[in-house]
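Chain and residue survey
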Amino acid sequence: MILLVAGVSGSGKTTVGALLAERLHWRFADGDSFHSAANIAKMHAGIPLTDEDRRPWLLAITAWMDQRIAAGESAVVTCSALKRAYREELLGGRPEVRMIFLSVDRDEADRRMTSRAGHFFPERLLSTQFGALEPPQPDEPGVTVVASGEESPAETVAAIMAMMPLGEGADRGTDRGESHEAQA
C-alpha cells in the first residue's frame, strides 16, 4: 500500500506523512523533493506554479510510487494534489494507493506557515493554493478527507491509523526514514 498524504501548504502533510511512515516502518518521500530546481526557484521568488510546471512533478511522484508498487513495498509520500485532475493522475490505475487529504482552514494554514522557517514556499503564495484548490468530493475513489486543524500531528496520525486498513502491510516497507532526493 502507498499512502499519499495531500493538502495545501501548511496542512501538515510532511509532518503527518513522516510520522505515519515512522509509525508503520515504511519508506517516506516528501513530495517537495520531486520538484525541479526551476519550480523551486519560481516558488521561492513568489511565482505560483502552472499546470504545465506541475506536470513533470506529478509524473516524478507517480513514477516513484510505481517503483514501490512493482517492488512490493509500502510507502508514504506527500503531494499537494490540489486539483481533482491531479488526484486522478496520482491514483488512476493504482489500486494500491490511498490518499489522505488533510483539510485545514486558511487561518490555520497561515498560522502554521508563519511559524515555519527555511522552506522555499513563501507564505504569500498560500492564497494561490487556496485559489487553485478543488476540495475532494465524495465520488472520488481512494480519497479520504481528514481534518488537520487544531488536532496535533500525533492525533491526526492516530485518526488515520484508525480508519485505514494498514495492518497487513505495516512492516513491508524498507529504508525506514529515508527521504527522496530529487534529480534536478
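That block above? That's the structure.
Here the structure is a predicted model, which is why all the values come from computation and not from measurement. (Residues numbered from 1 in each chain as written. Predicted model: local features only at pLDDT ≥ 70, side-chain atom pairs only at ≥ 80, totals over all residues. Heavy atoms only, no water.)

**Let's talk about the packing of aromatic side chains**
Think of a pair of aromatic rings as described by two things: how far the centres are apart, and how the planes are tilted against each other in angle. Per the stated rule, a full pass over the model turns up 1 aromatic pair. Taking the ring centre of Trp-64 as reference, the NZ or CZ of Arg-68 above it sits at 4.8 Å. (Phe/Tyr/Trp six-rings, centres within 6.5 Å; stacked < 30°, edge-to-face > 60°. Lys NZ or Arg CZ within 6 Å of the ring centre and 35° of its normal.)

**Concerning the sheet that holds strand β5 (residues 143–147)**
Ordered in space as β2-β3-β1-β4-β5, the 5 strands form an open sheet in which the pairing is parallel. In the strand order of this sheet, the two ends are held by β2 (27–29) and β5, each with one partner. Taken pair by pair, the neighbouring strands of this sheet meet at an average axis angle of 20 degrees, ignoring direction. Direction of pairing for strand β1 (residues 2–6) relative to strand β3 (residues 75–79): parallel, over a ladder of 5 bridges. Bridging from a neighbouring strand, Leu-4 pairs with Val-77 of β3. Strands β1, β3, β4 (97–103) and β5 of the sheet are contacted by helix α4 (residues 84–91), whose axis makes an angle of about 150 degrees with β4. Packing against the sheet, helix α7 (residues 153–163) makes contact with β4 and β5, and its axis sits at approximately 145 degrees to β5. (Pairing = 2+ DSSP bridges. Helix = DSSP H or I, 4+ residues; strand = E, 2+ residues; numbered from the N terminus. Axes fitted to C-alpha atoms, helices over the stretch in contact; angles between N-to-C directions. Contact = heavy atoms within 4.5 Å.)

**Examining the side chain of Arg-94**
Mapped onto the secondary structure, Arg-94 falls in the loop between α4 and β4. Polar side-chain contacts of Arg-94 include one of 2.7 Å to the side chain of Asp-66. Among the polar contacts listed, one links the side chain of Arg-94 to the backbone oxygen of Glu-89, at a separation of 3.0 Å. Here Arg-94 is in contact with Thr-62, Met-65, Asp-66, Ile-69 and Glu-89, once residues within four sequence places are set aside. (Polar contact = N/O pair within 3.5 Å; in protein donor to acceptor, adjacent residues only side chain to side chain.)

**Considering the environment of Val-145**
Following the sequence through the fold, Val-145 ends up in strand β5. Residue class for Val-145 comes out partly exposed when judged on its relative accessible area of 45%. With residues near it in sequence (within four places) discarded, Val-145 still touches Phe-101, Ser-103 and Pro-136. (Buried < 20%, exposed > 50% of the residue type's maximum accessible area, 1.4 Å probe, protein only.)

**A few points about the packing of helix α1 (residues 13–24) against α7**
At a closest axis distance of 9 Å, the pairing of α1 and α7 adopts a crossing angle of 60 degrees. On the basis of the axis angle, α1 is oblique to α7. Read as a crossing pair, α1 and α7 show a hand that is right-handed. In contact with Thr-15, Val-16, Leu-19, Leu-20, Arg-23 and Leu-24 of α1, α7 contributes Pro-153, Ala-154, Thr-156, Val-157, Ala-158, Ile-160 and Met-161. (Parallel < 35°, antiparallel > 145°, perpendicular 65-115°, else oblique. Left-handed = near helix turned anticlockwise from the far one by under 90°.)

**Re the nonpolar core**
Note on soluble globular proteins: their nonpolar side chains tend to be buried together. Among the nonpolar cores identified, the biggest contains 21 residues, and Leu-4, Ile-61, Met-65, Val-77, Cys-79, Leu-90 and Met-99 are the most heavily contacted of them. When residues of this core are traced back to their parent elements, those giving at least two are β1, α3 (51–71), β3, α4 and β4. At 5 residues, the largest contribution of residues to this core is made by α3. Residues contacting Met-65, with those up to four places away along its chain left out, are Ile-2, Leu-4, Val-77, Leu-90, Arg-94 and Val-97. In terms of nonpolar packing, the next biggest core, distinct from the first, is built from 16 residues, Leu-3, Ile-100, Ile-160 and Met-164 among them. (Core = buried A, V, L, I, M, F, W, Y, C linked by side-chain atoms within 4.5 Å.)

**Comments concerning the pattern of salt bridges**
Opposite charge on two side chains allows them to pair when their charged atoms are near. Counted by the stated rule, this structure contains 10 salt bridges. Residue Glu-73 is joined to Arg-27 by a salt bridge in which the shortest nitrogen-to-oxygen separation is 3.9 Å. Here the residue Glu-73 occupies a position in the loop between α3 and β3, and Arg-27 occupies one in strand β2, the gap between them amounting to 46 residues. A relative accessible area of 15% places Glu-73 in the buried class. Classification of Arg-27 as buried rests on a relative accessible area of 12%. Among the salt bridges present, the one from Asp-51 reaches Lys-83, with a minimum N-O distance of 3.0 Å. Of this pair, Asp-51 sits in helix α3 while Lys-83 sits in the loop between β3 and α4, and the two are 32 residues apart along the sequence. Given the relative accessible area of 42%, Asp-51 is considered partly exposed. Residues joined in a network through salt bridges with shared partners are Arg-27, Arg-68 and Glu-73. (Salt bridge = Lys/Arg side-chain N within 4 Å of Asp/Glu carboxyl O.)

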